[in-house]
Amino acid sequence: MDLASLLGLLLAIFSLLFSEIITGGSLAALLNISAFILIIGGTIGSTMISYSMKEIMQLPSFLVKAFKNSEPNFNNIIDEIVRYAEIARKEGLLSLESKASASSDKFIAHGLMLVSDAVETDYMELILSSEIAKRQRHERLGAEIMGTAGGYSPTMGIIGTVMGLVHVLGNISNTDELAASIAVAFLATFYGIGIANLFWLPLSGKLNRLAKQQKLADEIILEGLIAIAEGKSPKLIEEQLKSMALSEDMAQARDRETIVSAQGSD
């Protein structure tokens, strides 16, 4: 379980509810079952229209992935590739065929089979790059679906508020309950915006980040397998792969500095 995602969600919800209490409000005033059903059902329904049923059926697995600690461990990946390089140097490329079935990563296993079969590196790179692209399409699908839901949710909230106001204005003769009815009507907007920004959009961002990390991990594996096929030394392979991971870390650090600088200038 990824504690950052779980604790972040709980902290956001707690902050929202606590702010309502300290301003003298009541938690019961934030409860409206009909508005909640409209937002959840309307958002999911609209999102389903945008995708195929096969894609929508994968949503539960994407939710699990978002809350699960599924970040690739680059050090472990590099150590595994270096270990295969050492085996190949001592026992030959053909020995990697028996090691392929022992790998927990199907991508690595397929790559090892290609290396052991002495497939040309250009052709091997073409095959494995195609697999990386396919995996990326799958990885980014979850982020895309949740981002779509995050876009529909506030709109559904506005629709719910308009429906509530139509009902209120249809019974405007009862002025004693007018203010309370308007407040209830605006709960739909509250739900729509709240769920989008506390759930759908953060998870979409999380899956996007995981997809980028997975792409880097796959590219490191690809470069390592090609280096093994070319007969490079395990030490050189290790340095090459570590430099790839380090370059990505430095790039992310520069991006964060750019964002902070831009915010500071504003």
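Worth saying up front: this structure is predicted, and the values here are computed from it rather than measured. (Residues numbered from 1 in each chain as written. Predicted model: local features only at pLDDT ≥ 70, side-chain atom pairs only at ≥ 80, totals over all residues. Heavy atoms only, no water.)

Looking at this model, I keep getting lost on the side chain of Glu 139. Mind explaining?
Structurally, Glu 139 is set in helix 8 (residues 121-170). For Glu 139, a relative accessible area of 11% puts it in the buried group. If near-sequence neighbours (up to four positions away) are discounted, Glu 139 is found in contact with Lys 65, Ala 211 and Gln 214. (Helix = DSSP H or I, 4+ residues; strand = E, 2+ residues; numbered from the N terminus. Buried < 20%, exposed > 50% of the residue type's maximum accessible area, 1.4 Å probe, protein only. Contact = heavy atoms within 4.5 Å.)

Would you mind showing me how to read the nonpolar core here?
One broad trend across soluble globular proteins is that nonpolar side chains are buried collectively. Leu 96, Ile 220 and Ile 228 are the most contacted members of the largest nonpolar core, which totals 32 residues. With residues up to four places along the chain from it excluded, the contact list for Ile 228 reads Ile 81, Tyr 84, Ala 85, Ala 88, Leu 93, Leu 96, Val 115 and Ile 237. Listed in part, the 22 residues of the second largest apolar core include Ile 39, Ala 149, Ile 195 and Trp 200. (Core = buried A, V, L, I, M, F, W, Y, C linked by side-chain atoms within 4.5 Å.)

Teacher, can you tell me more about the pattern of salt bridges here?
Two side chains with opposite charge may pair up if their charged atoms get near one another. By the definition in use, this model includes six salt bridges. When the shortest N-O distance is used, the salt bridge between Arg 209 and Glu 71 registers 2.8 Å. Here Arg 209 is found in helix 10 (residues 187-229), whereas its partner Glu 71 is found in the loop between helix 4 (59-67) and helix 5 (74-91), with 138 residues between them in sequence. Looking at Arg 209, the relative accessible area reads 35%, which means it is partly exposed. Of the charged contacts, one joins Lys 232 and Glu 230 as a salt bridge, the two residues approaching to 3.8 Å between their closest N and O atoms. Owing to a relative accessible area of 46%, Glu 230 belongs among the partly exposed residues under this scheme. Look at the salt bridges and you will find they share partners, linking Asp 105, Arg 135 and Asp 218 into a network. (Salt bridge = Lys/Arg side-chain N within 4 Å of Asp/Glu carboxyl O.)

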